[in-house]
Amino acid sequence: MSREVATPTFQEALKQDRAQFDDCTPCRVVGSVTFLGLGLFTYVSGHSQLKAQEAVIRNSKSMFGMASRRAAITSTSAVFVGLGVYRWFA
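All values derive from a computational prediction rather than experimental measurement.

Section: the overall build of the protein chain
And step 1. The helix and strand inventory of the protein chain stands at four helices and zero strands.
And step 2. In the protein chain, the succession of helices and strands from N to C terminus is α-α-α-α.
And step 3. By the compact-globule yardstick of 12 Å for 90 residues, the protein chain is too spread out, its C-alpha radius of gyration being 23 Å.
And step 4. Seen through its principal axes, the protein chain has C-alpha atoms that stretch 80 × 30 × 15 Å.
And step 5. In the protein chain, buried positions account for 13% of the 90 residues.
And step 6. Put simply, 70% of the contacts in the protein chain that link residues at least 6 apart link residues at least 24 apart.
And step 7. In the form shown here, the protein chain has an accessible surface area of approximately 7,500 Å², with 64% of it arising from carbon and sulfur atoms.

Structural notes on the side chain of S77
And step 1. Inspection of the secondary structure assignment puts S77 in helix α4 (residues 66-89).
And step 2. Judged by relative accessible area, S77 falls into the buried class, the value being 5%.
And step 3. Of the polar contacts made by the side chain of S77, one reaches the backbone oxygen of T74; its length is 2.8 Å.
And step 4. Not counting the four nearest positions on each side in its chain, S77 is found in contact with G39, T42 and Y43.

Some details on the UniProt feature "domain: Distal membrane-arm assembly complex protein 1-like" (unreviewed entry) in the protein chain
And step 1. Following the UniProt record, the feature "domain: Distal membrane-arm assembly complex protein 1-like" (unreviewed entry) maps to residues 23-57 here.
And step 2. The span residues 23-57 carries 91% helix and 0% strand; its end-to-end C-alpha distance comes to 45 Å.

Description of the environment of G65
And step 1. Within the element layout of this structure, G65 appears in the loop between α3 (54-59) and α4.
And step 2. When the C-alpha atoms of G65 and E54 are compared, they prove to be 9.5 Å apart, with eleven residues separating the residues in sequence.

A word on unusual backbone geometry
And step 1. Within the chain, K61 stands out as a residue other than glycine whose phi angle is a positive 60°.
And step 2. With respect to the helices and strands, the residue K61 is situated in the loop between α3 and α4.
And step 3. Classification of K61 by relative accessible area gives exposed; the value is 71%.

About the cut-offs
- Residues numbered from 1 in each chain as written.
- Predicted model: local features only at pLDDT ≥ 70, side-chain atom pairs only at ≥ 80, totals over all residues.
- Heavy atoms only, no water.
- Helix = DSSP H or I, 4+ residues; strand = E, 2+ residues; numbered from the N terminus.
- Rg over C-alpha atoms; globule rule 2.2 N^0.38 Å.
- Buried < 20%, exposed > 50% of the residue type's maximum accessible area, 1.4 Å probe, protein only.
- Contact = heavy atoms within 4.5 Å.
- Areas by Shrake-Rupley, 256 points an atom, 1.4 Å probe, with all protein chains shown as cover.
- Polar contact = N/O pair within 3.5 Å; in protein donor to acceptor, adjacent residues only side chain to side chain.
- UniProt positions renumbered as here; feature names shortened; annotations may be inferred.

The following block contains the structure:
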């Protein structure tokens, strides 16, 4: 005797998956606020440290100047903010 198991459709599988792994609202809030705060902290502290060390950086003759360092800090903080927004909506 063989038993046939009905394979769920794609839509049914997605519905089951969401029901099993759906986040609670407090989890989303904490995750979103954490990433947003990390992005803000990275931006503020990174730029203030760059400003404090600007003379040392310019005298070091490094191939990475102030503009590329500012861009790296800004893009890193933007990624964290984007992750916070993504965490809230997805």
